Amino acid sequence: MLRREFSLAILLDIARLPRATLYYHLKRMKQADKYELAKQEIAAIYDGHRGRYGYRRIAMTLHSRNMPLNRKTVQQDMKELGLTYRVRMKKYRSSKGEVRKIALNLLN
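Treat the numbers as computed from the prediction; the structure is a model and nothing was measured.

Brief notes about the overall build of the protein
Working step 1: The secondary structure content of the protein amounts to six helices and zero strands.
Working step 2: Starting at the N terminus and ending at the C terminus, the protein contains elements arranged as α-α-α-α-α-α.
Working step 3: Against the globule reference of 13 Å for 108 residues, the protein gives a C-alpha radius of gyration of 27 Å, more extended than a compact globule.
Working step 4: The principal-axis extents of the C-alpha atoms in the protein amount to approximately 95 × 40 × 20 Å.
Working step 5: Buried residues in the protein amount to 19% of all 108 residues.
Working step 6: For the protein, the accessible surface area stands at approximately 10400 Å², while carbon and sulfur atoms represent 54% of it.

Digging into the pattern of salt bridges
Working step 1: Under the defined criterion, the tally for this structure stands at three salt bridges.
Working step 2: Lys 39 serves as the salt-bridge partner of Asp 33, at 2.9 Å between the closest nitrogen and oxygen.
Working step 3: Given the relative accessible area of 35%, Asp 33 is considered partly exposed.
Working step 4: Several salt bridges converge on common partners, so that one network encompasses Asp 33, Lys 39 and Glu 80.

Considering the nonpolar core
Working step 1: Judged by nonpolar contacts, the single largest core of 13 residues is most densely connected at Ile 42, Ile 58, Leu 62, Val 74 and Met 78.
Working step 2: At the level of secondary structure, the elements contributing two or more residues to this core comprise α4 (36-48), α5 (55-64) and α6 (71-81).
Working step 3: Non-local contacts of Val 74, meaning those with residues more than four positions away in its chain, are made with Ile 42, Tyr 55, Ile 58, Ala 59, Leu 62 and Leu 69.

With respect to unusual backbone geometry
Working step 1: You will see that Arg 16, though not glycine, has its phi angle at about 55°, which is positive.
Working step 2: Tracing the sequence through the fold places Arg 16 in the loop between α2 (8-15) and α3 (19-30).
Working step 3: The backbone phi angle of Arg 50 is positive, close to 50°, even though this residue is not glycine.

Observations regarding a positive patch on the surface
Working step 1: There is a patch of like positive charges on the surface, built from Arg 57, Arg 88, Lys 90, Lys 91, Arg 93 and Lys 96.
Working step 2: Here Lys 90 lies in the segment after α6.
Working step 3: Accessibility expressed as a relative area gives 76% for Lys 90, which makes it exposed.

A word on α4
Working step 1: With 13 residues, α4 should cover 18 Å at 1.5 Å per step; its first-to-last C-alpha distance of 18 Å lies within 8% of that length.
Working step 2: Among all positions of α4, only Ala 38, Lys 39, Ile 42, Ile 45 and Tyr 46 are buried. On an axial view of α4, the arc spanned by its buried residues comes to 125°, and they lie on one face. Opposite the packed face of α4, turned more than 90 degrees from it, sit the exposed residues Leu 37, Asp 47 and Gly 48.
Working step 3: Against α5 and α6 lie the buried residues of α4.

A closer look at the packing of α2 against α3
Working step 1: Following both chains from N to C, one finds α2 and α3 inclined at 100°, their axes separated by 10 Å at the closest point. Classified by the interaxial angle, the pair formed by α2 and α3 is roughly perpendicular. Each of Leu 8, Ala 9 and Leu 12 in α2 lies in contact with α3, whose residues at this interface are Arg 19, Leu 22 and Tyr 23.
Working step 2: Residues that form the contact of α2 with α3 fall into these classes: five nonpolar, no polar and one charged.

Procedures and definitions
- Residues numbered from 1 in each chain as written.
- Predicted model: local features only at pLDDT ≥ 70, side-chain atom pairs only at ≥ 80, totals over all residues.
- Heavy atoms only, no water.
- Helix = DSSP H or I, 4+ residues; strand = E, 2+ residues; numbered from the N terminus.
- Rg over C-alpha atoms; globule rule 2.2 N^0.38 Å.
- Buried < 20%, exposed > 50% of the residue type's maximum accessible area, 1.4 Å probe, protein only.
- Areas by Shrake-Rupley, 256 points an atom, 1.4 Å probe, with all protein chains shown as cover.
- Salt bridge = Lys/Arg side-chain N within 4 Å of Asp/Glu carboxyl O.
- Core = buried A, V, L, I, M, F, W, Y, C linked by side-chain atoms within 4.5 Å.
- Contact = heavy atoms within 4.5 Å.
- Patch = residues over 30% accessible without salt bridge, like charges linked within 9 Å, V, L, I, M, F, W, Y side chains within 5 Å.
- Lys, Arg positive; Asp, Glu negative; His and termini not counted.
- Charge placed at Lys NZ, Arg CZ, Asp CG, Glu CD.
- Expected span 1.5 Å × (residues − 1).
- Arc of directions from axis to C-beta.
- Axes fitted to C-alpha atoms, helices over the stretch in contact; angles between N-to-C directions.
- Parallel < 35°, antiparallel > 145°, perpendicular 65-115°, else oblique.
- Nonpolar A, V, L, I, M, F, W, Y, C, P; charged D, E, K, R; others polar.

Shown next, in the form of structure tokens:
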């Protein structure tokens, strides 16, 4: 929008950006995403396990499927897709450990 009213040189001067930076980012925006197939696979694993898998387990699953990706790459791709690990509710356990000795009823 501003480009229609002002020249590119003025806009770059105000933003304090070199001209090469603008063209670098324009070129990057046109490139295809090299992790597109990986993102589809990550989303399939995530949905298959109802969101219970985090980036570590997804990375291990991808390795077992002969699609080795670094865990940091998996974490970054999950962040871009908006996928986060959902914590599973743990079952309530009223007693933990050994059953203790019942005290004698002295007031009876």
